Amino acid sequence: MSCKWIGAIFIVAGCGGFGFSVAANYRQEERRLRELIRALQLMQCELQYRLTPLPELCRLAGQASGGIIKEVLMGLAAELEWQTEPDAASCMDAVLKRTQTLSARSRRLLHQLGKTLGRFDLEGQLQGLQATCSACIAASNSLREDRTVRLRSYQTLGLCAGAALAILFL
């Protein structure tokens, strides 16, 4: 009899943990977008006022960032210095292929960034950075809408699914 209750507790805890994990990934995506927005704004300022070369620009933005965004930007700087690929978009694609922990939304935004870097003149690059930054802000705002309700729903749904399975198996 006690083995059934222990199993039920494990089921509820496992499903609840999954719900909390989904909520944590959601929060992490929000932090990642905020980091990317800060990096893009730094890149805009550096390009606009100092005309920093592209590899150094990516390295500066990477050093000012944290987490996976730092890894991507530092990897992009290294790829651009080594010139293993013909343009910044190809270098960004190579870096994104090596990075497995990014969500589809972040990958799409970073790919958009890679397509604008080093391809146009100064004004075109600034416009491209602004467009990518605007897309990041829009994505961040869409994640921020109903955040508390959505996160609480994920957590509650995980716990309720676990309870339903435990009742079903008992």
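Residues numbered from 1 in each chain as written. Predicted model: local features only at pLDDT ≥ 70, side-chain atom pairs only at ≥ 80, totals over all residues. Heavy atoms only, no water.

Considering the packing of helix α1 (residues 2-50) against helix α3 (residues 67-82)
Then step 1. Packing of α1 against α3 leaves a shortest axis separation of 8 Å and a crossing angle of 45 degrees. When the interaxial angle is binned, α1 and α3 end up oblique. Between α1 and α3, the contacting residues are Arg32, Glu35, Leu36 and Ala39 on the first element and Ile68, Ile69 and Leu73 on the second. (Axes fitted to C-alpha atoms, helices over the stretch in contact; angles between N-to-C directions. Helix = DSSP H or I, 4+ residues; strand = E, 2+ residues; numbered from the N terminus. Parallel < 35°, antiparallel > 145°, perpendicular 65-115°, else oblique. Contact = heavy atoms within 4.5 Å.)

Re the pattern of salt bridges
Then step 1. All told, the structure shown has six salt bridges when counted by the stated rule.
Then step 2. For glutamate 29, the salt bridge identified is with arginine 32, shortest N-O distance 3.1 Å. Linking glutamate 29 with arginine 32, this pair stays in helix α1, spanning three residues, or about one helical turn. Each member of the pair, glutamate 29 as well as arginine 32, carries the same accessibility label: buried. (Salt bridge = Lys/Arg side-chain N within 4 Å of Asp/Glu carboxyl O. Buried < 20%, exposed > 50% of the residue type's maximum accessible area, 1.4 Å probe, protein only.)

Concerning a positive patch on the surface
Then step 1. Together, Arg27, Arg31, Arg34 and Arg144 give the surface a local cluster of positive charge.
Then step 2. The biggest single contributor to the positive patch is α1, with three residues.
Then step 3. Its location among the elements puts arginine 34 in helix α1. (Patch = residues over 30% accessible without salt bridge, like charges linked within 9 Å, V, L, I, M, F, W, Y side chains within 5 Å. Areas by Shrake-Rupley, 256 points an atom, 1.4 Å probe, with all protein chains shown as cover. Lys, Arg positive; Asp, Glu negative; His and termini not counted. Charge placed at Lys NZ, Arg CZ, Asp CG, Glu CD.)

Some thoughts on the side chain of serine 140
Then step 1. Checked against the element boundaries, serine 140 lands in helix α6 (residues 122-144).
Then step 2. Ignoring anything within four residues of it in the chain, the contact list for serine 140 reads Leu33 and Ile37.

Considering a nonpolar patch on the surface
Then step 1. Together, Leu165, Leu168 and Phe169 line one region of the surface with nonpolar side chains, adding up to about 330 Å² of accessible area.
Then step 2. You can see leucine 168 is positioned in helix α7 (residues 147-169).
Then step 3. By relative accessible area, leucine 168 is classed as exposed at 65%.

With respect to the packing of helix α4 (residues 88-98) against helix α5 (residues 104-116)
Then step 1. The contact between α4 and α5 brings their axes to 7 Å, and the two run at 155 degrees. Between α4 and α5, the angle is such that the two are roughly antiparallel. Of the two possible hands of crossing, α4 and α5 adopt the one that is right-handed. Residues Ala88, Ala89, Met92, Asp93, Leu96 and Lys97 of α4 form the contact with α5, whose participating residues are Arg107, Leu110, His111, Leu113, Gly114 and Lys115. (Left-handed = near helix turned anticlockwise from the far one by under 90°.)

Some points on the packing of aromatic side chains
Then step 1. Per the stated rule, a full pass over the model turns up one aromatic pair.
Then step 2. Where tyrosine 26 meets tyrosine 154, the ring centres are 6.3 Å apart and the plane angle is 65 degrees; that geometry is what we call edge-to-face. Of the two residues, tyrosine 26 sits in helix α1 while tyrosine 154 sits in helix α7, which places them 128 residues apart along the sequence.
Then step 3. For tyrosine 154, a relative accessible area of 29% gives the class partly exposed. (Phe/Tyr/Trp six-rings, centres within 6.5 Å; stacked < 30°, edge-to-face > 60°.)

Points about the side chain of glutamate 46
Then step 1. Relative to the elements of secondary structure, glutamate 46 occurs in helix α1.
Then step 2. If near-sequence neighbours (up to four positions away) are discounted, glutamate 46 is found in contact with Leu51, Thr52, Leu57 and Leu60.

A closer look at the nonpolar core
Then step 1. Residues Leu110 and Leu117 are the most contacted members of the largest nonpolar core, which totals 37 residues.
Then step 2. Every element with two or more residues in this core is listed here: α1, α2 (54-64), α3, α4, α5 and α6.
Then step 3. Broken down by element, the residue count for this core peaks at nine residues, all from α1.
Then step 4. Those residues in contact with leucine 110 that lie beyond four places of it in its chain are Leu36, Ile69, Val72, Met92, Leu96 and Leu102. (Core = buried A, V, L, I, M, F, W, Y, C linked by side-chain atoms within 4.5 Å.)

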